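Residue strings, one per chain:
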Amino acid sequence: MSAEKFLLAYLIIINLVLFVTMGADKACAKAHRRRVPENTLFLLALLGGGAGGVLGMLAFRHKTRHIAFVLGFPLISIAEYGALLYFLVFR
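All residue numbers here refer to positions counted from 1 along the written sequence of the relevant chain. For a predicted model such as this one, the threshold for reporting local features is a pLDDT of at least 70, and the threshold for listing and counting side-chain atom pairs is 80 or more; totals across whole chains, interfaces and linings nevertheless cover every residue. Side-chain measures here rest on the full set of heavy atoms in the structure, leaving out hydrogens and waters.

Looking at the overall build of the protein chain
Inference 1: Summing up its helical and strand segments, the protein chain has three helices and zero strands in all.
Inference 2: Starting at the N terminus, helices and strands are each numbered in turn, a helix being any DSSP run of H or I of at least four residues and a strand any DSSP run of E of at least two. Written out in order from the N terminus, the α and β elements of the protein chain read α-α-α.
Inference 3: For every residue, the accessible area (1.4 Å probe, protein chains only) is compared with the maximum for its type, and the residue is labelled buried under 20%, exposed over 50%, or partly exposed between those bounds. The 91 residues of the protein chain split such that 32% are buried.
Inference 4: What makes two residues a contact is simply this: any of their non-hydrogen atoms within 4.5 Å. Nonlocal contacts in the protein chain, meaning residues at least 24 apart in sequence, comprise 73% of its contacts between residues at least 6 apart.
Inference 5: Values of accessible area rely on a 1.4 Å probe in the Shrake-Rupley scheme; residue burial ignores everything except the protein chains shown. Of the roughly 6,100 Å² of accessible surface on the protein chain, 71% is carried by carbon and sulfur atoms.
Inference 6: Think of it this way: Lys and Arg go in the positive column, Asp and Glu in the negative one, and His and the chain ends go nowhere. Every charge is mapped to an atom, namely NZ of Lys, CZ of Arg, CG of Asp or CD of Glu. Of note, the protein chain has its 10 positive side-chain charges centred 11 Å away from the centre of its 4 negative side-chain charges.

Structure follows, in C-alpha cells:
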C-alpha cells in the first residue's frame, strides 16, 4: 500500500471515529450519563480527526457553545490539511 493510500485510509478512519464519538457524547449528555472527556475529543482531533469533529459539531449540534471547540476544531483541521497538502505536493 502506498503512503498516500495509507494516509487517506487513516484520515477517513480517524475522522469517522471522532464524528461517531461526538454523536455518542451528545447522546450521553442527553441521557445524563458519563461523558467523553473534552481532552479525548481534542486528542482525536489532533490525531487527524479535525474535520470529523467539525462535522460532528454541526450534525449533532454538540459543543457549539464552547469557543474552544468552535474555533479549535476548524483551526486544527486547517492545519492538518495544510500539512497534508504540503506533504503531498513537496515531498
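A closer look at the side chain of Asp25
Inference 1: Relative to the helices and strands, Asp25 resides in helix H1 (residues 3–30).
Inference 2: In this structure the side chain of Asp25 is engaged in a polar contact, spanning 2.9 Å, whose partner is the backbone nitrogen of Val36.
Inference 3: In this structure, Asp25 is in contact with Arg35, Val36, Leu41, His62 and Lys63, ignoring residues within four places of it in sequence. We call two N or O atoms a polar contact when they sit within 3.5 Å, provided that within protein one can donate a hydrogen and the other can accept it, with sequence-adjacent residues counted only if both atoms are side-chain atoms.

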